[in-house]
Amino acid sequence: MTHRKTKLQVKKLEEERDQALLDLERLLEALKVEVDPDSDEGDPDLVEREKVVALVHGLERKLESIEAALRQAQAGTYGICERCEKPINPDRLEILPEATLCVECKSLLERGARVSAVAA
Ligand SMILES: [Zn+2]
């Protein structure tokens, strides 16, 4: 991968990070709204809240991946799989610039035990 290409990906990553941070802020703001503690479990507000919490967790994972990819870019190892150290398919990076694992390792980890804290 050329240096110029990496720069482009870094820019993309930074944009994604900024967007994710904005989304996160908005979601956390939504969570601040008081929920009636006496409400039933079937309360639509509560269901909505759980959805927002799930979204927050998803975004936090995404941010972690983006930060990891940015660290890789700084170290000059962007586009290299963290696990097997083979180059990650550029097509994959095009779709998922925060990927730090190749497709094989990613699916291996997803199928296997989720013991590892590696986020990708
Ligand atoms: Zn790999």
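Remember, it's a predicted structure, so these values are computed and weren't measured experimentally.

Trainee: Please give an account of the overall build of the protein that cites residues and values.
Mentor: Along the protein, the regular secondary structure elements total four helices and zero strands. The N-to-C order of helical and strand elements in the protein reads α-α-α-α. In the protein, which comprises 120 residues, the share counted as buried stands at 28%. Within the protein, contacts between residues separated by at least 24 positions form 54% of all contacts whose residues are at least 6 apart in sequence.

Trainee: Now, about the coordination of the zinc ion: what can you tell me, with residues and values included?
Mentor: Within the first shell, the zinc ion binds the protein through C81 (SG), C84 (SG), C102 (SG) and C105 (SG), at distances of 2.2 to 2.3 Å. Taken together, the four donor atoms coordinating the zinc ion span angles of 105 to 115° at the metal, a pattern that classifies the geometry as tetrahedral. Each donor residue of the zinc ion lies on one chain, and together they are spaced C-x2-C-x17-C-x2-C. The pair formed by C102 and C105 is uniform in burial state, with each residue classed as buried.

Trainee: Residue-level account of the nonpolar core, with values.
Mentor: Counting 14 residues, the largest nonpolar core has L13, Y78 and C81 as its most contacted members. Of all the elements, helix α2 (residues 44–75) adds the most residues to this core, at four residues. In contact with L13, not counting residues within four places along its chain, are I66, A69, L70, Y78, P97 and E98. Residues A20, L31, V56 and L63 belong to the second largest nonpolar core, which totals eight residues.

Trainee: Tell me about the environment of K5, and name the residues and values.
Mentor: Among the secondary structure elements, K5 is positioned in helix α1 (residues 3–31). C-alpha of K5 to C-alpha of P90: the two residues are 85 residues apart in sequence and 9.9 Å apart in space.

Trainee: Outline α2, supporting the account with residue identities and numerical values.
Mentor: Compared with an ideal rise of 1.5 Å per residue, which puts 32 residues at 46 Å, α2 spans 47 Å between its outermost C-alpha atoms and is within 8% of the ideal. Among the residues of α2, those classed as buried are V52, V56, L59, L63, S65, I66, A68, A69, L70, Q72 and A73. With its phi angle positive at about 80°, G76 sits one or two positions after the end of α2.

Trainee: Before we move on, can you summarise the pattern of salt bridges with the specific residues and values?
Mentor: Within this structure, the stated rule accounts for 10 salt bridges. Of the charged contacts, one joins K106 and E110 as a salt bridge, the two residues approaching to 3.3 Å between their closest N and O atoms. Pair noted here: K106 and E110 are both in helix α4 (residues 103–111), with a separation of four residues, about one helical turn.

Trainee: Would you mind going over unusual backbone geometry in detail, with residue names and values included?
Mentor: Located in the positive-phi region is E85, a residue other than glycine, with phi close to 60°. Mapped onto the secondary structure, E85 falls in the loop between α2 and α3 (90–95). Of the residues examined, E85 reaches a relative accessible area of 61% and is grouped as exposed.

Basis of the calculations
Residues numbered from 1 in each chain as written. Predicted model: local features only at pLDDT ≥ 70, side-chain atom pairs only at ≥ 80, totals over all residues. Heavy atoms only, no water. Helix = DSSP H or I, 4+ residues; strand = E, 2+ residues; numbered from the N terminus. Buried < 20%, exposed > 50% of the residue type's maximum accessible area, 1.4 Å probe, protein only. Contact = heavy atoms within 4.5 Å. Donors = N, O, S within 2.8 Å, 3.2 Å for Na, K, Ca; no water. Tetrahedral: all angles 85-135°; square planar, octahedral: opposite > 155°, others 65-115°. Core = buried A, V, L, I, M, F, W, Y, C linked by side-chain atoms within 4.5 Å. Expected span 1.5 Å × (residues − 1). Salt bridge = Lys/Arg side-chain N within 4 Å of Asp/Glu carboxyl O.

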